Amino acid sequence: LFQPARTTAPVPQAWWTVFGDPVLNDLQARLVVGNETLKSSLSAYKLAQAALASSRAGLQPTLGAGLTAQRSSSPPQQEAGNNFGLSASASWEVDLWGRLAGAVDASQARLEASWADLAAARLSLQATLTQSYLAVRHAQAQAQAVQSAVAGYQRSLQLTRNRYQAGVASAADVAQAETQLKSAQVQLLEWQITRAQLEHAIATLLGQAPASFTLEAARVPS
């Protein structure tokens, strides 16, 4: 997407594809388009490019051209004439003491620094997005596992209550079954909150409002 000002060590490109996840690939593509930090870094890089082009222009000759036209008068009964003239000029500022060359070198250095900032910001944000996405998938898997446990504890509680009513189980058995169910329900809520917070963080990375961002649940093997 971006090109460095000179040959440098290449920033790893599309390294996240090793996970083989098309959703992550799509999120990474949206990141470079919507992230506000990258937009700011790109603007700074373009300004540095313009500054370098301007400083280089000072080393080049300035050319100018002009066209003049004049209608000449003539005696009666003779046709009037038109006179045209073309002029050209050139000027070149002598670079005494290397002032202009120094300005070019300084602009080149600023451009390279701006490119390095842009590349570093992009790589950092790509890594943050990948970590957040994988954390979302982990939270989802944990929530699904706990959801299955909640369902099992609900069945166990109902069975224990039936046994208590039949005089087979004690009140302590019912209380223990209720405690297990409530503990699992709390864990489920915690994982759901964690997932929601991570999704909000991803939305911010993409430059979207959290309310408008949804991440479709992946199918996790049971």
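Here the structure is a predicted model, which is why all the values come from computation and not from measurement.

Enquirer: Would you mind showing me how to read the overall build of the chain here?
Expert: For the chain, the helix and strand inventory stands at four helices and two strands. Listing every helix and strand of the chain by position from the N terminus yields α-α-β-β-α-α. Out of the 222 residues in the chain, the part that is buried amounts to 26%. Within the chain, contacts between residues at least 6 apart in sequence are counted, and of these 72% link residues at least 24 apart. Counting only carbon and sulfur atoms, one obtains 57% of the accessible surface of the chain, whose full area is about 14,700 Å².

Enquirer: In this structure, what is going on with the packing of aromatic side chains? I would like to understand it.
Expert: For any pair of aromatic rings, geometry is given as the distance between the ring centres together with the angle between the planes. Throughout the structure, instances matching the rule amount to one aromatic pair. A ring pair is formed by Trp15 and Trp16, whose centres lie 5.8 Å apart and whose planes are at 80°; its orientation type is edge-to-face. In this structure Trp15 comes out as partly exposed when scored by relative accessible area, which is 28%. Judged by its relative accessible area of 11%, Trp16 falls in the buried class.

Enquirer: Can you walk me through the confidence of the model for the chain in this structure?
Expert: Regions with low pLDDT should not have their predicted coordinates read in detail. Across the chain, the average pLDDT comes to 75, with 59% of residues at or above 70. Confidence drops under pLDDT 50 across residues 88-92; counting only partners more than four residues distant or on other chains, this segment forms 11 contacts.

Enquirer: Is there a simple way to think about the pattern of salt bridges in this case?
Expert: Oppositely charged side chains may form a pair once their charged atoms are brought near each other. Scanning the model with the defined rule gives three salt bridges in all. Between Arg30 and Asp26 there is a salt bridge; the shortest N-O distance is 3.5 Å. Taken together, the residues Arg30 and Asp26, both in helix α1 (residues 22-34) and four residues apart, mark about one turn of the helix. When its relative accessible area of 40% is taken as the criterion, Asp26 is described as partly exposed. Two residues, Glu199 and Arg195, come together in a salt bridge whose shortest N-O distance is 3.2 Å. Linking Glu199 with Arg195, this pair stays in helix α4 (residues 171-205), spanning four residues, or about one helical turn.

Reading the values: rules and limits
- Residues numbered from 1 in each chain as written.
- Predicted model: local features only at pLDDT ≥ 70, side-chain atom pairs only at ≥ 80, totals over all residues.
- Heavy atoms only, no water.
- Helix = DSSP H or I, 4+ residues; strand = E, 2+ residues; numbered from the N terminus.
- Buried < 20%, exposed > 50% of the residue type's maximum accessible area, 1.4 Å probe, protein only.
- Contact = heavy atoms within 4.5 Å.
- Areas by Shrake-Rupley, 256 points an atom, 1.4 Å probe, with all protein chains shown as cover.
- Phe/Tyr/Trp six-rings, centres within 6.5 Å; stacked < 30°, edge-to-face > 60°.
- pLDDT = per-residue confidence, 0-100.
- Salt bridge = Lys/Arg side-chain N within 4 Å of Asp/Glu carboxyl O.

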